[in-house]
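A closer look at the structure
Spelled out, the chains give:
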Amino acid sequence: MELKITTDNFEEEVLKSDLPVLVDFYADWCGPCKMMAPIVERIAEGYDGRLKVGKCNIDDEGDLASRYGIMSIPTIMVFKGGEPAVTSIGAASQPDLESKIGSVL
């Protein structure tokens, strides 16, 4: 299940999480973001219980995007222990993302 990540729940859901958290920074108008959506959804299902997965709409949550220096979307960050551990910018294949996730789990 994918969480909706907002400024209001970011600290609780991401920074204080016991599990690593994948955050997909996206926008509704972004074509590559739409291509990534089913991949992120499959990762959320496949890593259930080992990884939290959330989506953050940068148009709604500009403060979070600027805090983490999001300049291009989609940007996928995996947080571990409250810190960004790996980052993927642009469209990526599921195996590429799973490789990055594997380095954190």
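Residues numbered from 1 in each chain as written. Predicted model: local features only at pLDDT ≥ 70, side-chain atom pairs only at ≥ 80, totals over all residues. Heavy atoms only, no water.

This part takes up the packing of aromatic side chains. Under the defined criterion, the tally for this structure stands at 3 aromatic pairs. On the numbers, 5.7 Å between centres and 85 degrees between planes, the contact of Phe10 with Phe79 is edge-to-face. Of this pair, Phe10 sits in helix H1 (residues 10–15) while Phe79 sits in strand S4 (residues 75–80), and the two are 69 residues apart along the sequence. For the pair Phe10 and Phe79, one class covers both residues: buried. Between Tyr68 and Phe79 the ring centres are 5.2 Å apart and the planes differ by 90 degrees, which places this aromatic pair in the edge-to-face class. In this pair, Tyr68 is assigned in the loop between helix H3 (62–67) and S4 and Phe79 in strand S4, connecting sequence segments 11 residues apart. As far as burial versus exposure is concerned, Tyr68 and Phe79 are alike and both buried. (Phe/Tyr/Trp six-rings, centres within 6.5 Å; stacked < 30°, edge-to-face > 60°. Helix = DSSP H or I, 4+ residues; strand = E, 2+ residues; numbered from the N terminus. Buried < 20%, exposed > 50% of the residue type's maximum accessible area, 1.4 Å probe, protein only.)

As a further point, take the state of the cysteines. Summed over the entire model, instances satisfying the criterion amount to 1 disulfide. Two residues, Cys30 and Cys33, share a disulfide whose sulfurs are 2.4 Å apart. Its S-S torsion of about 80 degrees marks the bond between Cys30 and Cys33 as right-handed, since a negative value means left-handed. There is no split in this pair, since Cys30 and Cys33 are both buried. With no disulfide of its own, Cys56 lies closest to Cys33 among cysteine sulfurs, the gap being 11 Å. (Disulfide = S-S within 2.5 Å.)

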